[in-house]
Amino acid sequence: MGSNAFQSPAVTKSSSTPYFTPVNNGGAALHPDDPKTPTLFRPLQIRNVTLKNRIMVSPMCMYSCESEPSSPSVGALTNYHLAHLGHLALKGAGLVFIEATAVQPNGRISPNDSGLWQEGPNSEQFLGLKRVVEFMHAQGAKVGIQLAHAGRKASVVAPWLAAQAGKPSLRADESVGGWPGDVVGPSGGEEHIFSPEEDAYCVPRALSTAEVRELVAAFAKSTRLAVQAGVDVIEIHGAHGYLINEFLSPVTNKRTDEYGGSFENRTRIVREVAAAIREVIPEGMPLFLRISATEWLEGQPVAAESGSWGMQSSLELVKQLPEWGIDLVDVSSAANHKDQKINLHTAYQTDLAGQIRQAIRAAGASTLVGAVGLITDSEQARGLVQGADEATTAEAMLSGPEPKADAILIARQFLREPEWVFSTARKLDVPVTVPVQFGRAI
C-alpha cells in the first residue's frame, strides 16, 4: 500500500465510562475500501453490529474470580479481567470475547470461573461485567460474552493447581469451593466420568427433563443480564466437551427423553437455547455458536456402537442455524472424550472451518464462519479470510483461493503477543489507527 502509517484519533472523552478515558479505536484500517486492504482489516457487519476488522479474541478462561460460594463476589469479573481484557481491546481487536461464563453456579469449570446468574443491577457479577464492557467500548472494541455450562467437566481446580499436583486435572471438593455432588451431564454414573484417573473429575448425575428446561431458561436469564451490561455479541458454548457438546454427542448422551436418541433430539438443546436467547436480545444483536466440529473419535471403540459427533453431524447442524437465528458458527474441535485421536497439524482446525464454510455457501446460506486454532502468523491469518467479503463467486475466485472463514479467533497468541493486531498490520503494510496514548511510539 506504499505506506506503513499509523494514525491517532482526536483526543475526546469517551462517553462509555464515568471517568476520563480518551476515545480510542485502535486497529481500524485507515483505508478500508482500498482494494489493497486485506479482508482481514476490512469491517465485518453482522446484523446491526459492525466490527472494525476480522480479528476476534477467543474466550480464554483465566480462573481468577472469587471462589467462596457465600461471597457476593463469587463469579464476578475483577480488576484482573479489566486489565487483561481491556488491554486486548486497547491493542486493536475488533471483537473481544469475555471468557466462558457460567449460567448456573454448577456450570463453572472451576470455582474460580466467571458466572452471570445473580439477579439485579447491583449484583457484583453484573457490576463487574458492566465495568469491563464500558472500558472495552471506550477502546473501540465490540464485546462478546460466551455463555456456558461445563457439565460433567465441572468442579475441577485451576489447571496450574492440578499441574502442581502432577495431574492433568484435579477435582475440586467443597473445601476449595467445589460442588462434587452436583456435577451434571446429559447422562450420569461412573461410566460417564470424563476421565477415570483418580481424583481427576467428579461422577456426574443425569439432569432431569425439568432441569434441562431450567438450564435453557438460565441461558436466557444470563443473556438478558449481559445485554443490560452492554455486551454486543452473545456466543453459546457448544464445544470442548462441556454440557451442550455432551448433549450433541451420542457417545455422551444416552438419554431416552426428548433430549436424547435421534439427531433431532440431541440437537434440541441448541435449538431451544438459541430460541430462548433470541427472545430476550435485540433483533440486531448477533448470536454465535461455538462447536466442536468433530470429537476425533472415528474408529475408536467408544464410538463403535453409537457412533460419534463428526464432520457429517456438524454439516447437518449448520443447515439448521439460519432458522434458529444463529449468525456465525465458531469452529473448534475435540475435548469431549479422553480417547480422541486428533490429526494434529497447523491447519487441523482451520481446515474444518473451511469445509463447513464451503458447504454453507454451496447450500446458498449466509451463515458466517469463524476459524480458530494455531493461528499465529500474519500471512496465515490473511489467507484464511481473504476474499470472504467479495460480492460474487467470480470476484472471490479472482482474489485467490476460497476463504476458509469470515473471521478469525485467536487466543494463546494474544497471551504471547498482545499487540498482534498492530504487528500484523505492519507486516501486511496496512495503515491503521492507534490509541492516542501510543502515538509517541509510532
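Residues numbered from 1 in each chain as written. Predicted model: local features only at pLDDT ≥ 70, side-chain atom pairs only at ≥ 80, totals over all residues. Heavy atoms only, no water.

- Taking an unreviewed UniProt entry as the reference, the protein is identified by name as NADH:flavin oxidoreductase/NADH oxidase N-terminal domain-containing protein belonging to Aspergillus fumigatiaffinis.

Points about the overall build of the protein
In step 1: Scanning the protein from terminus to terminus reveals 14 helices and 14 strands.
In step 2: Projected onto its principal axes, the C-alpha positions of the protein cover 65 × 50 × 45 Å.
In step 3: Burial statistics for the protein: of 442 residues in total, 59% are counted as buried.
In step 4: Across the protein, every contact between residues at least 6 apart in sequence was considered, and the portion connecting residues at least 24 apart equals 73%.
In step 5: Accessible surface computed for the protein: about 17300 Å², of which carbon and sulfur atoms make up 51%. (Helix = DSSP H or I, 4+ residues; strand = E, 2+ residues; numbered from the N terminus. Buried < 20%, exposed > 50% of the residue type's maximum accessible area, 1.4 Å probe, protein only. Contact = heavy atoms within 4.5 Å. Areas by Shrake-Rupley, 256 points an atom, 1.4 Å probe, with all protein chains shown as cover.)

Things to note about the environment of serine 292
In step 1: Mapped onto the elements, serine 292 comes out in strand S10 (residues 287–292).
In step 2: For serine 292, a relative accessible area of 2% puts it in the buried group.
In step 3: Placed 18 residues apart in sequence, serine 292 and glycine 310 show a C-alpha to C-alpha distance of 8.5 Å.
In step 4: Once residues within four sequence positions are removed from consideration, serine 292 is found in contact with Gly238, Ala239, His240, Asn245, Trp309, Ser314, Ser332, Ser333 and Ala334.
In step 5: A polar contact is formed between the side chain of serine 292 and the backbone oxygen of alanine 334, at a distance of 2.9 Å. (Polar contact = N/O pair within 3.5 Å; in protein donor to acceptor, adjacent residues only side chain to side chain.)

Here we look at the sheet that holds strand S13 (residues 407–410)
In step 1: Strand order around the closed barrel formed by 8 strands is S4-S5-S6-S9-S10-S11-S12-S13, with parallel pairing between neighbours. Neighbour-to-neighbour, the strand axes of the sheet open up by a mean angle of 25 degrees, direction not taken into account.
In step 2: Where strand S6 (residues 142–148) lies against strand S9 (residues 233–238), 4 bridges are found, and the strand directions are parallel. Its bridge partner lying in S9, leucine 147 is registered against isoleucine 236.
In step 3: Packing of helix H4 (residues 209–228) onto the sheet brings it into contact with S6 and S9, and relative to S6 it is tilted by some 160 degrees. (Pairing = 2+ DSSP bridges. Axes fitted to C-alpha atoms, helices over the stretch in contact; angles between N-to-C directions.)

As for empty space enclosed by the protein
In step 1: Per the counting criterion, the structure on display carries 2 cavities of 30 Å³ or more.
In step 2: By volume, the largest cavity is sized at about 60 Å³.
In step 3: Around the largest cavity, the lining comprises 13 residues; the ones closest to its centre are Ala100, Gly107, Arg108, Ile109 and Ala148.
In step 4: In terms of residue count, strand S5 (residues 95–102) provides more of the lining of the largest cavity than any other element does, 3 residues in total.
In step 5: The residue inventory of the lining of the largest cavity, partitioned by class, reads 6 nonpolar, 5 polar and 2 charged. (1 Å grid on protein atoms, 1.4 Å probe; cavity = no way out; pocket = protein on both sides within 12 Å on 5 of 7 lines; lining within 4 Å. Points joined across faces, edges and corners; volume = space filled by probe spheres on them. Nonpolar A, V, L, I, M, F, W, Y, C, P; charged D, E, K, R; others polar.)

Re unusual backbone geometry
Among all residues except glycine, the phi angle is most often negative; among peptide bonds, the trans geometry is most common.
In step 1: Here arginine 47, not a glycine, exhibits a phi torsion of approximately 55 degrees, which is positive.
In step 2: Locating arginine 47 in the fold gives a position in the loop between strand S2 (44–46) and strand S3 (49–51).
In step 3: Arginine 47 gets classed as partly exposed once you look at its relative accessible area, which sits at 31%.
In step 4: Within the chain, alanine 334 stands out as a residue other than glycine whose phi angle is a positive 75 degrees.

Topic: the pattern of salt bridges
In step 1: In the structure shown here, the tally under the stated rule is 18 salt bridges.
In step 2: The salt bridge involving aspartate 182 is made with arginine 205; its shortest N-O contact spans 2.9 Å. Residue aspartate 182 is located in the loop between helix H3 (159–164) and strand S7 (184–185), and its partner arginine 205 is located in strand S8 (residues 205–206); the two are separated by 23 residues in the primary sequence.
In step 3: We classify aspartate 182 as partly exposed; its relative accessible area is 29%.
In step 4: Judged by relative accessible area, arginine 205 falls into the partly exposed class, the value being 30%.
In step 5: One salt bridge in this structure joins glutamate 379 and arginine 382, with 2.8 Å as the shortest N-O distance. In this pair, glutamate 379 and arginine 382 are both assigned in helix H11 (residues 378–385), 3 residues apart and thus about one turn of the helix distant.
In step 6: Take glutamate 379: its relative accessible area is 43%, and that puts it in the partly exposed class.
In step 7: Arginine 382 gets classed as partly exposed once you look at its relative accessible area, which sits at 24%. (Salt bridge = Lys/Arg side-chain N within 4 Å of Asp/Glu carboxyl O.)

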